[in-house]
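Residues per chain are reported as follows:
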Amino acid sequence: MAFVSTAAWMPRVVFVASLVAALAMASGPAAAAARGGRRVIHLRFYMHDITGGPGQTAVQVVKGPGPAHPVMPGSHFGDTTVMDDALTEGASAASRPVGRAQGTYTLASLREPALWVSMTVVLTGGAYNGSTIAVVGRDDISASVRELAVVGGTGAFRGATGHVLWRTARMESRDHVVLELDVYATVPGASPPPRAGAVRQGGLNLD
Ligand SMILES: *[C@@H]1O[C@H](CO)[C@@H](O)[C@H](O)[C@H]1NC(C)=O
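Remember, predicted model here, so these are calculated numbers, not experimental data.

With that settled, consider the overall build of the chain. Scanning the chain from terminus to terminus reveals 2 helices and 9 strands. In the chain, the succession of α and β elements from N to C terminus is α-α-β-β-β-β-β-β-β-β-β. In the chain, which comprises 207 residues, the proportion classed as buried is 25%. Contacts in the chain between residues at least 24 apart in sequence constitute 50% of all its contacts with a sequence separation of at least 6.

Okay, structure coming up:
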């Protein structure tokens, strides 16, 4: 910004500039300008991890040879599950499908009930249909809110960085955990915009 070059104006200009930036951060296209053209996309959806019974979407592929886990009875260090979990707009499995979570989780802590998660969120409806988000991180299932990293993406999420807030929403059954995921992804201004004319996904795209 050229106007900040006049040193005598600096204190006032800096104040005004930060006020403008603060207002711009709040919402709208100005928010993108304030962050150098980057946009923050906030999505909320629910993930259904079903590890047994009818409609199973997650399968244990490695049974850790031991030691037995001290706080997760029946589990072993190294246990690894591969998943293709349904993502829905609401917490109910019957609500509108919005994508799949495809990847793995491994019991990677000797002492805590903490999983290492590595997955691709594949969006299959709405404005971001066809785009994917790469998510990696630690899921300590004893914590009420876990934070995982957004490490990249494709389509509208090309070059994304950010984080995911991850909560256990409810247990439908012993084998069916419902997780609530809030994704905050910052994408470069050059990323392809959401599909023109696509129906806005109520409840999914929050910003
Ligand atoms: C998502 O995109 C695919 C491929 O273009 C298309 O077949 C499908 O109907 C779309 N789904 C929705 C819900 O828009």
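Looking at chain direction, strand S6 (residues 132–140) and strand S7 (residues 146–154) are connected through 5 bridges and run antiparallel. Considered in S7, the bridge of Val136 is made with Ala149. Counting the residues in the hairpin turn of S6 and S7 gives 5 residues. As judged from the 5 bridges shared by S7 and strand S8 (residues 161–173), these two strands associate in the antiparallel manner. Bridge pairing in S8 places Val150 opposite Gly162.

Right, let's get into unusual backbone geometry. The residue after Gly66, namely Pro67, is reached through a cis peptide bond having omega 5°. Structurally, Pro67 is set in the loop between strand S2 (58–62) and strand S3 (80–88).

Moving on: the environment of Ala108. Along the chain, the position of Ala108 falls in the loop between strand S4 (97–107) and strand S5 (114–123). For Ala108, a count of 17 C-beta atoms within 10 Å puts it in the partly exposed group. Put simply, Ala108 and Arg138 are 30 residues apart on the chain and 8.9 Å apart in space, counted from C-alpha to C-alpha.

What follows deals with the site of the ligand. The immediate surroundings of the ligand are formed by Thr124, Gly125, Asn129 and Gly130. When grouped by side-chain class, the residues that make up the shell around the ligand number no nonpolar, 4 polar and no charged.

Let's shift gears to the confidence of the model for the chain. Summing up the model confidence of the chain, the mean pLDDT is 83 and the portion of residues at 70 or higher is 76%. Low pLDDT, under 50, characterises residues 1–34; the stretch is placed with 16 contacts to residues that sit more than four places away or in other chains.

With respect to the element layout, Ala143 can be found in the loop between S6 and S7. Judged by the 15 C-beta atoms lying within 10 Å of it, Ala143 falls in the partly exposed class. Separated by 24 residues in sequence, Ala143 and Arg167 have C-alpha atoms that sit 8.3 Å apart.

Conventions adopted
Residues numbered from 1 in each chain as written. Predicted model: local features only at pLDDT ≥ 70, side-chain atom pairs only at ≥ 80, totals over all residues. Helix = DSSP H or I, 4+ residues; strand = E, 2+ residues; numbered from the N terminus. Buried ≥ 20, exposed ≤ 12 C-beta atoms within 10 Å, placed from the backbone. Contact = placed C-beta atoms within 7 Å. Pairing = 2+ DSSP bridges. Near = placed C-beta within 6 Å. Nonpolar A, V, L, I, M, F, W, Y, C, P; charged D, E, K, R; others polar. pLDDT = per-residue confidence, 0-100.

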